[in-house]
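# Coordinate analysis (summary)
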Amino acid sequence: MNQRGIYLGAALSVAVSIMGQNGAVAQGTPEQQAACQPDVMRLCGNFIPDVDRIVACLKYNEPNLNPACHDVFFPVVVEEPKPKARPKAKPKPKKTEPR
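No experiment lies behind these values; they were computed from the predicted model shown.

### Describing helix H3 (residues 51–60)
Turning to H3, its buried residues are Val 51, Ile 54, Val 55, Cys 57 and Leu 58. Buried residues of H3, viewed axially, fall in a sector of 160°; they line one side. Every exposed residue of H3 that faces more than 90 degrees away from the buried side is listed here: Asp 52 and Tyr 60. One side-chain oxygen of the residue at the start of H3 lies 3.3 Å from the amide nitrogen of Asp 52, identifying that residue as Asp 50.

### Looking at the pattern of salt bridges
Counted by the stated rule, this structure contains one salt bridge. Close ionic contact of Asp 39 with Arg 42 constitutes a salt bridge, the shortest N to O distance being 2.7 Å. With Asp 39 and Arg 42 both in helix H2 (residues 30–44) and three residues apart, the pair spans about one turn of that helix.

### Here's the deal with the state of the cysteines
Scanning all chains against the criterion turns up two disulfides. Residue Cys 36 pairs covalently with Cys 69 via a disulfide, S to S 2.2 Å. What sets the handedness of the Cys 36 and Cys 69 disulfide is the S-S torsion sign, and at about 105° it is right-handed. With Cys 36 in helix H2 and Cys 69 in helix H4 (residues 67–73), the pair connects residues that are 33 residues apart, well separated along the chain. Note on cysteine connectivity: Cys 44 is disulfide-linked to Cys 57, with sulfurs 2.0 Å apart. Taking the torsion about the sulfur-sulfur bond, which here is approximately -85°, the covalent link between Cys 44 and Cys 57 counts as left-handed. Remark: Cys 57 occurs in helix H3 and Cys 44 occurs in helix H2; sequence separation between them is 13 residues.

Conventions we followed
Residues numbered from 1 in each chain as written. Predicted model: local features only at pLDDT ≥ 70, side-chain atom pairs only at ≥ 80, totals over all residues. Heavy atoms only, no water. Buried < 20%, exposed > 50% of the residue type's maximum accessible area, 1.4 Å probe, protein only. Helix = DSSP H or I, 4+ residues; strand = E, 2+ residues; numbered from the N terminus. Arc of directions from axis to C-beta. Polar contact = N/O pair within 3.5 Å; in protein donor to acceptor, adjacent residues only side chain to side chain. Salt bridge = Lys/Arg side-chain N within 4 Å of Asp/Glu carboxyl O. Disulfide = S-S within 2.5 Å.

By themselves, these observations are geometric and do not establish any function.
Set out below in structure tokens:
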């Protein structure tokens, strides 16, 4: 493996490990790294080995990412449906007694 490949592997490891939903730290798997390696080389190779710039570049190029890498950076989050608000009950009119 050449020196550029070593830098790329290290950069991808760090990049994937610092990504996550809402800033949460996610563990980058070899599959995630492999999913983004072609996009790093194609779109952001000039930023190797600067991990922060690679991550920024990949996020900036969201529309150009391959589907597998897109899923790593922008995972689909399914939200639980919110309970429907109950309609407020209308106050019943007061009965008036005859005079």
